[in-house]
Amino acid sequence: MEHCDGENEYMQPEDDWDRDMLLDPAWEKQQRKTFTAWCNSHLRKAGTQIENIEEDFRDGLKLMLLLEVISGERLAKPERGKMRVHKISNVNKALDFIASKGVKLVSIGAEEIVDGNAKMTLGMIWTIILRFAIQDISVEETSAKEGLLLWCQRKTAPYKNVNIQNFHISWKDGLGFCALIHRHRPELIDYGKLRKDDPMTNLNTAFDVAEKYLDIPKMLDAEDIISTLRPDEKAVMTYVSCYYHAFSGKQKAETAANRICKVLAVNQENEQLMEDYEKLASDLLEWIRRTIPWLENRLPENTMQGMQQKLEDFRDYRRLHKPPKVQEKCQLEINFNTLQTKLRLSNRPAFMPSEGRMVSDINNAWGNLEGAEKGYEEWLLNEIRRLERLDHLAEKFRQKAAIHEAWTEGKEELLQKRDYETASLSEIKALLKKHEAFESDLAAHQDRVEQIAAIAQELNELDYYDSPSVNARCQRICDQWDALGAMTMKRTEALQRTEKLLETIDQLYLEFAKRAAPFNNWMEGAMEDLQDTFIVHTIEEIQGLSTAHEQFKATLPEADKERQSILGIHNEIAKIVQTYHVNMAGTNPYTTINPQEINAKWDKVRQLVPQRDQALIEEHARQQNNERLRRQFATQANVIGPWIQNKMEEIGRISIEMHGTLEDQLTHLRQYEKSIINYKPKIDQLEGDHQLIQEALIFDNKHTNYTMEHIRVGWEQLLTTIARTINEIENQILTRDAKGISQDQLNEFRASFNHFDRKRTGIMDAEDFKTCLISMGYNLGENEFSRIMSVVDPNRMGIVTFQAFIDFMSRETADTDTADQVMASFKVLAGDKNYILADELRRELPPDQADYCIARMAPYTGPDAVPGALDYMSFSTALYGESDL
C-alpha cells in the first residue's frame, strides 16, 4: 500500500520497544492504561470490552473483533475452540489482516500474544493504533505523527503558554489538551481561568470534559503524567489522536450523509429543477410584463416631492427589486444549464420548457425591460431638473413677493389717511416730507415688482403646476402696485395744495431718510458681497479677489464719512428736538431706518472683512515700516561712512605732510578733533536707528553697504587715529624742545621718512627703515641693524613710527643732555658726599619732583652711608639706562 513506506518511518523495531520498556517501567504502566482505554473505546461499539490487555487478547477473538470495528471490514471466521491451536489460528488471522494493510510486523508472533507476552501485546496494539488511528492523519502535506503534531500546533497556536513541540513534555501542564477542546468546543472550558502552574487541575479538567462531552475515555492519569519526567510518547500520541478523530469524525460523518442524500435525491432534484424553472420563468416573465408599463409611464408629477418619490421608487427598483430578479434570471440560466447537464449525464432526454418560457424568450423580455428602464431614468432626471428649476424660480418668486407684500403692508391705509385735513402747518410739512420719502421708496421698489412679474411670466412659460396661484398673487401685487401709484399721486396732489413747512427739523428728517436709504442698501449689498462664498483655483484669481477687496476697502473711509454725516443729521435733529421741545415721539416719519441699525450694519460690514486679508495688511504695513527704517539708516550711513573715511585720510595727510610748524599742525589737528567730537550726535542718532532695525529683526539693507559695526569700527579708529596723531605731534614737540632740534631738521626728518614710507601709511616697515639708514650713510651689519631696531621698535612689531624715527635721529644728531649732565647736577646738590639726603632734595626741588626722584633712588650702601642716604647714581640708571652711563 502507498502508506507502507511512510508507516515504517514511525514504527519502532521490537528490540527498541523492549529496550524502552526496560529503561522506564512507568511507560509500560501508562501504555497499559492508555492502550486498554483505546481498545475499549472501539470494542464497546460491539458491546464488549477488555480488562487485562495481555490476557483478553490471548484467544484472538476480541483482537479480531477490534480489527473489524476499527477497519469496518469483515475478517475470516474465527475458531471457537478453546485449544491453543485455535487461539494461535485466530491471532494469526488478526496479524495477517494487519499485514494486509501494509504494516510490517517486526518480531511479533501469534505465540507471544497467545502466551500473554505483555510487551509483544503492547507492541501489536501500538502497531494497530499507528495504522488505523494515526497513519491516515494528513495535515498540509504531512502525515501520521508529523501530521498529528502539526495539527496540534495549528490548533493551539493562538493560546498563550501552549507550545506543542512533541508528544511527551509539551503536554505535561495540561494546557495543550484544554486548548484543543476550547478551540473546537469553547463552551466546555473557561480557558482564561486556567493556570500553567496548576497542571493537575488542567489535566483532570481536560480528561473529564473529553470523557463527558466528547466520548473520549480517560486513557491517561494526571498523576502519572506529572510524576513522570518524560511521559510516554505513544500513550500521549494515542490519546491525542482520539481528539483528532473526535473533532474531524463529525465532519466526515456529515459529508458521508450528504453524499448519500445527494445520490438519493438526484432524480427528485431534476424534477424539482424542471418545476422550479417553469415557475421561476413564469414568475420572472410576469414580473417583467408588470414592470415594463410602469417604466414606460411618462406622466410627470407636479411637485419635486412627487418626482423625487418616483426617483426613490426607481432607486428602490434598482436597489431592491431588480437585483433579486437579476439573480433569478442568472439562476434560471444556471438551473437550465445544470438541468440539461444532469439529464444528459443520466441519459435522459433534454428538458424543453413550455412555449414562451425558453431562455431566449426571457432574454428578449429582459432586453425590453432594460430599454424601458434606460428611457425611464433619463426622463426622470430631465423632469427633476425641470422641476428643480421651477422650484427655484417659485421659491424666488415667493421670497420676493413676501418681501414686497411685507413692504406694502399698511401702505394703502397710510396713503388713504386724511390726517392733513386737521393738521397744523408744521404737521402738514412733516406729512409732505414723509410722502416725498415714500415716493422715493416706492420708486426704489419698482425693480422688485418688475422682477416679480418677470419670474411669474417665466413660470408660466415653463408650465409650472401652480401657475394659477402664482398668477393670482402676481396680479394682486400688480393691482396693489397700481393702486399705490394712484393713491400716491392723489395724496401728493392733496399735500401739494398745502403750504410747505420750512421747519429745519422736517428738512433734516427728509435728508436723513434720503441719505440713509441708499446707504442702508449699500451696506446690505456689501454684507451680501462679503458673505458671498467663492472658489478660486489660481493665484491670479485670488489676487483678483484681493484687488477687488482692496478696492472695496478703499471705499470704506468715504462710506464712513457718509455714515458720520448721516448720524450727524440725526444728532442735529435730536439737538433741535431737545432745544425746541418738539414732540416727535423719537422716530423719523420718513424712514424706518434708525442710527442703531446703521451702526449695527456698519459694524457687521467691518467684521466681515476677511481676517486673512487683515493679516496681509498688517504684514504689508510691517514691511513698509521696515523699508522706511532701512532707508532712514542707509541715508545716514551713506553720509557718515564716507565722512569718517575722508577724515581718516585728511588726518593721515596732516600727519605726513609738512605744512607749518608742529604747533600749527597740532592746532589744526585739535580743530579736527573738535569737529569730529561735534559729529558724535549723528553717530548716536544712527545708533538709535540701528536699534530700531534690530528690534524689527531686519538683517539686510540693500540701500547701503555700511553696517553699524562698520560705522562703529570706523568711528573708533577715527577717534583713536586723531588722538594718536595729536599725541605724536605733542611728542615731536617735546623731542624737538628736549633735543634742540630745529624746524628745518624736523622737516628734513619728515621728508626722509615720507620718501621711504612707500605705502604712505605713516609707518615704515623694517626693510624701508634699513634702506633709509643706508641712504643716510650708515654702514649696517645685521647685528647693528638689530640693535637699532630694538631701540626704535621695542615691541618687536616690525615697524618704525615717525616718532621713533625722530627719537633715533635726535640721539644721533643732537647734543647729549642725559646721564652725565644729570649726575653733575645731583653732585652739585650732594656736595662732596657720594650720596644725597631726601631732605636735601625736598629743599632744593618742588615737592612733587622731589618725591618723584626719591621714589626712583635706591638706598645708598657705601661705607660712609648715614640713615636716609640715597644713591643718586641709581636714579640716572633708572631714568636713562646703562647705555648712557
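Residues numbered from 1 in each chain as written. Predicted model: local features only at pLDDT ≥ 70, side-chain atom pairs only at ≥ 80, totals over all residues. Heavy atoms only, no water.

**Q** Explain the packing of aromatic side chains here, please?
**A** The geometry of an aromatic ring pair comes down to the distance between the two centres and the angle between the two planes. Under the counting rule described, the total for this entry stands at 20 aromatic pairs. Between Trp171 and Phe177 the ring centres are 4.8 Å apart and the planes differ by 40°, which places this aromatic pair in the tilted class. What makes Trp171 buried here is its relative accessible area of 1%. Ring centres of Tyr239 and Tyr243 lie 5.0 Å apart, and the angle between their planes is 80°; this geometry places the pair in the edge-to-face category. Within this pair, Tyr239 and its partner Tyr243 are both found in helix α13 (residues 233–296), separated by 4 residues, close to a single helical turn. The exposure classification of Tyr239 matches that of Tyr243, with both residues buried. (Phe/Tyr/Trp six-rings, centres within 6.5 Å; stacked < 30°, edge-to-face > 60°. Buried < 20%, exposed > 50% of the residue type's maximum accessible area, 1.4 Å probe, protein only. Helix = DSSP H or I, 4+ residues; strand = E, 2+ residues; numbered from the N terminus.)

**Q** Looking at this model, I keep getting lost on the nonpolar core. Mind explaining?
**A** Side chains of a nonpolar character, in soluble globular proteins, are inclined to be buried together. Counting residues in each nonpolar core, the largest one holds 79 residues, and the members touching the most others are Trp38, Ile128, Phe177 and Tyr243. Of all the elements, helix α8 (residues 118–134) adds the most residues to this core, at 11 residues. The next biggest cluster of nonpolar side chains, apart from the first, holds 47 residues, and it includes Ala637, Leu669, Leu780 and Val800. (Core = buried A, V, L, I, M, F, W, Y, C linked by side-chain atoms within 4.5 Å.)

**Q** Help me out: how do you make sense of the pattern of salt bridges in this one?
**A** Between side chains of opposite charge, a pair can form as their charged atoms come close. Applying the stated rule across the entire model yields 37 salt bridges. Linking Asp208 and Lys218 is a salt bridge whose minimum nitrogen-to-oxygen distance equals 2.5 Å. Within this pair, whereas Asp208 is found in helix α11 (residues 199–213), its partner Lys218 is found in the loop between α11 and α12 (222–227), the two being separated by 10 residues in sequence. Look at Asp208 and you get partly exposed, because its relative accessible area is 36%. Two residues, Lys833 and Glu840, come together in a salt bridge whose shortest N-O distance is 3.1 Å. Each of Glu28, Arg32 and Glu54 takes part in salt bridges that share partners, so that together they form one network. (Salt bridge = Lys/Arg side-chain N within 4 Å of Asp/Glu carboxyl O.)

**Q** What is the right way to read the environment of Ser227 from this model?
**A** By the element assignment, Ser227 lies in helix α12. For the pair formed by Ser227 and Lys172, sequence separation is 55 residues and the distance between their alpha carbons is 9.4 Å. Looking at Ser227, its side chain comes within polar contact range of the main-chain oxygen of Glu223, at 2.7 Å. Separated by 3.3 Å, the side chain of Ser227 and the backbone oxygen of Asp224 make a polar contact. (Polar contact = N/O pair within 3.5 Å; in protein donor to acceptor, adjacent residues only side chain to side chain.)

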